[in-house]
Amino acid sequence: MNVSAIIKLTISMAIFGSIGFFTIHTGVPALELVFIRCICATIFLSSIWYFTGGHKREMWNKKEVFQTLLCGVFLVLNWVFLFKAFEEMAISITISIYNLAPIFVLLLGTFILKERLTIRGLLATIICFIGSIFIVGIDNFKSIEQFMNSGFIWAMLSAVCYALTMFTSKSLHTLSPYATTFLQTFVGIIILLPFCDFSLFEGLSTTNWLYILGTGLIHTGFVYYLFFDSIRNLPTVIVSVLTFVDPVVAILLDTILLDFRPTLLQTLGIGLIFAGILLTIVNPKRRIKLQEDTFAQ
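No experiment lies behind these values; they were computed from the predicted model shown. (Residues numbered from 1 in each chain as written. Predicted model: local features only at pLDDT ≥ 70, side-chain atom pairs only at ≥ 80, totals over all residues. Heavy atoms only, no water.)

Student: Even after reading the chapter, I still don't get the overall build of the chain, so can you show me in this structure?
Tutor: If you tally the helices and strands in the chain, you get 14 helices and zero strands. The order of helices and strands in the chain, counted from the N terminus, is α-α-α-α-α-α-α-α-α-α-α-α-α-α. Per-residue burial over the chain gives 54% buried out of 297 residues. Counting only contacts in the chain whose residues sit at least 6 apart along the sequence, the fraction spanning at least 24 positions is 89%. (Helix = DSSP H or I, 4+ residues; strand = E, 2+ residues; numbered from the N terminus. Buried < 20%, exposed > 50% of the residue type's maximum accessible area, 1.4 Å probe, protein only. Contact = heavy atoms within 4.5 Å.)

If you want it as structure tokens, here you go:
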């Protein structure tokens, strides 16, 4: 077992677990924050790619380039929806729903690739669905207005886009991780540029900018570097298990630093979601292959 790769992936997941805490202190809305994140990631990782000489060894494949660009659209939308959810919901709740992505990958495989949905997979889906209702709170389902303002839609859309990112990146093999990330984040810059309100960056404090740059350089650039440097040296099952470091850290920070106290029903919902995800991942007959070429958080 590659211990170094395990340590790097664990560190990257632990750092990413703090992204919600950073996000709520940036002082800018989701779309503008993702735009800055794309710029930071593009500069940081493309610089490493260039100075290490990786760009000279790159093997460009038109089909994979197009697929990567499409994957980039899903990745950027995933980020925007996730940060929007952070604006409306507690970090612990958002992250729990966000980690439903493996369940959506399972469903995508069933409906698009015509893969057989096992009883185990169906049971996991039902458990996660019930958990989601408990997390958001049954009271928020009494009216459409309450439901829309709960942040549930944003969190669920982020999970769906994360799943689509995984799904579209599963067959990427020719392009290097750096080329893949460069294309994806560059697409993000192009897509978001027309919609950014740059006046929102006026009057921000030094603390705000530190959190913004931290989100871009640390949570995107540095974490991507660690992730890509380790992901291809580990078996899928190890990657699947270590990704749980992310939500654990997020929930711990939310409860310790932000004094979030989930209700009994929400705690039960979080437990059900993680039980359903584990039921899907820890499957001796069929393991969901988490994306190895794209890090979506």
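After presenting the structure, the write-up continues.
Student: Where do I start with the side chain of Ser46 in this structure?
Tutor: Relative to the helices and strands, Ser46 is located in helix α3 (residues 30–51). A relative accessible area of 17% means that Ser46 is categorised as buried. A distance of 3.4 Å separates a polar atom in the side chain of Ser46 from the backbone oxygen of Ile43. (Polar contact = N/O pair within 3.5 Å; in protein donor to acceptor, adjacent residues only side chain to side chain.)

Student: Can you help me understand the pattern of salt bridges in this one?
Tutor: Any two side chains of opposite charge can pair, so long as their charged atoms come close to each other. A complete count under the given rule lists one salt bridge for this structure. Among the ionic pairs, Lys84 bridges to Glu87, the shortest N-O distance being 3.9 Å. Of this pair, Lys84 and Glu87 both sit in helix α4 (residues 62–88), separated by three residues, roughly a single helical turn. (Salt bridge = Lys/Arg side-chain N within 4 Å of Asp/Glu carboxyl O.)

Student: I keep staring at the layout of surface pockets and nothing clicks. Help me out?
Tutor: Left-over empty space is what a probe sized like a water molecule reveals as it rolls over the atoms. Approximately 170 Å³ is the volume attributed to the largest pocket. Forming the boundary of the largest pocket are Ile48, Trp49, Thr52, Gly54, Arg57, Glu58, Met59, Thr174, Leu175, Ser176 and Tyr178. Of the residues belonging to the lining of the largest pocket, the class tally is five nonpolar, four polar and two charged. (1 Å grid on protein atoms, 1.4 Å probe; cavity = no way out; pocket = protein on both sides within 12 Å on 5 of 7 lines; lining within 4 Å. Points joined across faces, edges and corners; volume = space filled by probe spheres on them. Nonpolar A, V, L, I, M, F, W, Y, C, P; charged D, E, K, R; others polar.)

Student: Is there a simple way to think about the packing of helix α5 (residues 91–98) against helix α13 (residues 245–256) in this case?
Tutor: Each pair of packed helices can be described by the angle between their axes along with the distance between the axes. Axis separation between α5 and α13 bottoms out at 8 Å; the angle between their running directions is 165°. Taken together, α5 and α13 sit at an angle that is classed as roughly antiparallel. The two elements α5 and α13 meet at a crossing, and its hand is left-handed. Across from Ile91, Ser92, Ile95 and Ser96 in α5, the residues of α13 making contact are Pro247, Ala250, Ile251 and Asp254. Classifying every residue of the contact of α5 with α13 by side-chain character gives five nonpolar, two polar and one charged. (Axes fitted to C-alpha atoms, helices over the stretch in contact; angles between N-to-C directions. Parallel < 35°, antiparallel > 145°, perpendicular 65-115°, else oblique. Left-handed = near helix turned anticlockwise from the far one by under 90°.)

Student: How should a nonpolar patch on the surface be read in this particular structure?
Tutor: A cluster of nonpolar residues, Trp209, Leu213, Leu217, Ile218 and Phe222, forms a patch on the protein surface that exposes about 400 Å² of accessible area. Within the secondary structure, Leu213 sits in helix α11 (residues 206–231). (Patch = residues over 30% accessible without salt bridge, like charges linked within 9 Å, V, L, I, M, F, W, Y side chains within 5 Å. Areas by Shrake-Rupley, 256 points an atom, 1.4 Å probe, with all protein chains shown as cover.)

Student: I would appreciate a short explanation of the packing of aromatic side chains in the present structure.
Tutor: The description of an aromatic ring pair uses the distance of the two centres, along with the angle that the planes make with each other. Using the criterion set out here, one finds 13 aromatic pairs in the structure. Of the aromatic side chains, those joined through ring pairs into one cluster are Phe35, Phe198, Phe201 and Trp209. Directly above the ring of Trp79 sits Arg37, whose terminal nitrogen or CZ lies 4.0 Å from the centroid. (Phe/Tyr/Trp six-rings, centres within 6.5 Å; stacked < 30°, edge-to-face > 60°. Lys NZ or Arg CZ within 6 Å of the ring centre and 35° of its normal.)

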